[in-house]
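An overview of the molecular structure
What follows is each chain in one-letter form.
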Protein chains: 2
Amino acid sequence: MPDTAPATIEDVARIAEVSIATVSRAIHTPDKVAKSTRQRVNQAIAITGYTTNAMARSLRMGRSNMILILAPDIGDPNFSSTLIGLENEARAHGFGVLIGHTQNDPERGLEYLKFLSSGQATGLVLFTGHEPFGHQVVGQRLPPSVAVFEPVFGSKISYVGVDDVAGARKAAEHLLSAGHRAIAFIGDSKTRLGHQRRRQGFDKALDAARIPPNQRFVLEGEGTIESGRLAVEQLFMRDQLPTAFMCVNDATAVGVINGLTARGYDLPHDFSVIGFDDVPQATYVNPALTTIRQPRTAIGRQAMSLLIKSLAERPTERQEILLMPDLIVRGSVTGPAKR
Amino acid sequence: MPDTAPATIEDVARIAEVSIATVSRAIHTPDKVAKSTRQRVNQAIAITGYTTNAMARSLRMGRSNMILILAPDIGDPNFSSTLIGLENEARAHGFGVLIGHTQNDPERGLEYLKFLSSGQATGLVLFTGHEPFGHQVVGQRLPPSVAVFEPVFGSKISYVGVDDVAGARKAAEHLLSAGHRAIAFIGDSKTRLGHQRRRQGFDKALDAARIPPNQRFVLEGEGTIESGRLAVEQLFMRDQLPTAFMCVNDATAVGVINGLTARGYDLPHDFSVIGFDDVPQATYVNPALTTIRQPRTAIGRQAMSLLIKSLAERPTERQEILLMPDLIVRGSVTGPAKR
DNA sequence: TTGTACGCGTTATCAA
DNA sequence: TTGATAACGCGTACAA
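What you see is a predicted model, and the numbers here were worked out from it, not measured in a lab. Think of each chain on its own: its residues are numbered from 1, step by step along the sequence as written. A letter from A marks each chain and a number from 1 marks each ligand, given out in the order of writing. Local features are withheld for residues below a pLDDT of 70 in this predicted model, meaning they are given only at 70 or higher, and side-chain atom pairs are given and counted only at 80 or more; totals for whole chains, interfaces and linings count all residues. Each side-chain value is worked out from all heavy atoms of the structure, with water and hydrogens disregarded.

Overview of the sheet that holds strand β7 (residues 218–220) of chain A
Residues and elements named next belong to chain A. The condition is simple: What makes two strands pair is DSSP finding at least two bridges between them. What counts as a helix is a DSSP run of H or I of at least four residues, what counts as a strand is a run of E of at least two, and both are numbered from the N terminus. Note on method: axes are straight lines fitted to C-alpha atoms, helices fitted across the in-contact stretch only, with angles between N-to-C directions ranging 0 to 180 degrees. Should any heavy atoms of two residues lie within 4.5 Å, those residues are counted as being in contact.
Pairing within the open sheet is parallel, and its four strands lie in the order β7-β6-β8-β9. What marks the edges here is a single partner per strand, and that holds for β7 and β9 (272–274). The mean angle between the axes of side-by-side strands here comes to 20 degrees, regardless of whether they run parallel or antiparallel. The pairing of strand β8 (residues 244–247) with β9 spans three bridges and is classified as parallel. From the neighbouring strand, Ala244 faces β9, where its bridge partner is Ser272. Sitting on the sheet, helix α7 (residues 164–177) is in contact with β6 (183–188), β8 and β9, with an inclination near 170 degrees to β8.

Next up, the structure:
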């Protein structure tokens, strides 16, 4: 197998005995070329295995049809299923997607930005995961972009994500309707907007149920397993205990469950726990975690749809699309224990 | 902020009052240009914010400095940390990486192959995950490539992965040295090479300990949680029970643990379980899983290093690099129960 | 319906 | 040390 250079449009033209212009036309505007010629061209393409050189094409056209997806952490359980939604939608519109991994390193982010500005990608999806991506992006001249899962702080970039307030409210109401009145909120945050919104939803539900807010039942945390565990320890140093835990996300919930189990409690009999996100892991803990499911694939689909629209129309209006999450009932919530 | 077009080399040349050739030289071979001129050029670059257009560059050069990483499933727990190794090594050599997600869909794979053949990427990393990528790739003219985690069946593509035989042997010996003699192997496979090798390592360890092979203790499985659970059920329909379970991977081990726990057994007291891979989840199960850790980041690093080397030298010799995994002792293995 | 020729932004060759 | 210019592969206005 000789290592021949890939065929160019000129090779095709020569074989089909036409000019390169005709080849190009046969490909992009087939009706503008005679049927017989078209057939000869197609044959020649088949023979040579010709593929248009995307670089030359994009260089000439001034834009590519690739969309760059920037993610700080590909291991994030939210990532993979959202990606599916993004990809499928892009594909349906003739776009390809490429994934860039920043590892939360601003320098890498900047490199990908260069990738963009050199025209190798036309649109940008900011998959901020849990850490705001922000600073490096703000101020840069960006191509049409959309953020998912967490809005980009202080920018005009559109955003597609879950309705945190409504979701958290659903979770709290589930606990409430199971009979709980003493509910702790684990994972309060001063910095993360999404988590703050979840706290708001929690407050609203309690307020609607006429349960006075209890600051001793609100514990901070960064949304990690460790922070959930820690919160349990803190809580047990006080005099008053809740009957249920509402956690800002599933990781926190796993930590809470671990902490409670380690203390010898029997779940869900002794305490109820509810999470938020529905990560794969939620099914593996014991008891399986009742939680709020992020509509990940739908978020991806909508985000890409929005991006492609703005690619065509160039509207500078910022949009925010909030999707409604569902309650997933598994085994970690039951009625309050009688003590 | 006016939406000006990005600066080109010509803009820089005009401002610096030199020719574009000099600008190019000032960038790539600074010593071939007079100091004063160089300074003027650098200033002009700073003023314009010029970035070389990668597409024009690659078009001219005939090759890009991007490497495409093709993965069937980005959610695979093996993926993210391997990626880090790949990226870091690539970066160190001035290459960028892009990730393509095939979703196990041959059509998508083909599309990315087109991406390659159109020159947008120079090298290829086949992240076959657990499903052989194979068929579509074989026969295609491929750029320099390397596979990780699972060799590409029937091709000359180099491979970097873990030494499955040695790792499995380590696992079995750990069980043996804890005193186990009746050990079940869960996850035997007729199709997956890596899993077959793990079985071999298991057999070797038993053989070296002069324990006769027992076919009733070897159960098939596809390496999923479900298949681990199923294997437990099958085993309990027989008359003879093992004291320990060696699982082909962590997912299987989690299934086994779930199945055993569901039957009311107390682990690790009643049964010992060992896995393979060391996925993040391994720490969350109860008891935490003792397992064999894949040196993922190292695999990534070595694979990229090999690829870049072959990019420079074009050796067609197929290479296979096997890395030694470590035993990670956690809580799921203890001495055999006395029954 | 088809062909000629230009330009997209670079790098590299050759003269000056 | 510097500049003019060809070429990379493609799409398209313009001419035929």
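Focus: the pairing of β6(A)
All names here are of chain A. The following threshold applies: Accessibility here uses a 1.4 Å probe with only protein chains present; expressed as a share of the type maximum, an area under 20% marks a residue as buried, one over 50% as exposed, and anything in between as partly exposed.
Counting buried positions along β6 yields six of six residues, so the element is predominantly enclosed. Note: β6 against β8, four bridges, orientation parallel. Each bridged residue has a counterpart across the sheet, and for Ile183 the counterpart in β8 is Ala244. Bridging between β6 and β7 involves three bridges; their strand directions are parallel.

Quick look at the relation of the copies chain A and chain B
Spelled out, the test is: Superposing the copies works by least squares over the C-alpha atoms of residues that have pLDDT at least 70 in both of them.
Rotating chain A by 180 degrees and translating it 0.0 Å along the rotation axis places it on chain B, where the RMSD comes to 0.1 Å. Expressed as a symmetry operation, the mapping of one chain copy onto the other fits a two-fold axis. Counting the interface residues of chain A, we find that 100% of their copies in chain B are interface residues as well, pointing to one common contact surface.

Here we look at the protein's contact with DNA strand C
Filter applied, for reference: Near residues are defined by distance, with any heavy atom within 4 Å of the molecule or strand qualifying the residue. Distance and chemistry together define a polar contact, namely a pair of N or O atoms within 3.5 Å, with one atom able to donate a hydrogen and the other to accept it when in protein, and with adjacent residues in sequence counting only for side-chain atoms on both sides. All amino acids are sorted into three groups, where Ala, Val, Leu, Ile, Met, Phe, Trp, Tyr, Cys and Pro are nonpolar, Asp, Glu, Lys and Arg are charged, and the leftover types, Gly among them, are polar.
Surveying the vicinity of DNA strand C reveals 25 residues, the closest of which are A:Thr37, A:Arg60, B:Ile9, B:His28 and B:Arg60. Counting only atoms of DNA strand C within 4 Å of the protein, the sugar-phosphate share comes to 66%. Between A:Ser19 and DNA strand C, the recorded distance is 2.9 Å, taken from a backbone N or O atom to a phosphate oxygen. Here a phosphate oxygen of DNA strand C sits 2.8 Å away from a polar atom, N or O, in the main chain of A:Ala34. For the surface near DNA strand C, the secondary-structure elements that each account for two or more residues are α2 (20–28) and α4 (54–61) of chain A together with α2 (20–28) and α4 (54–61) of chain B. Taken together, the residues of the surface near DNA strand C break down into eleven nonpolar, nine polar and five charged.

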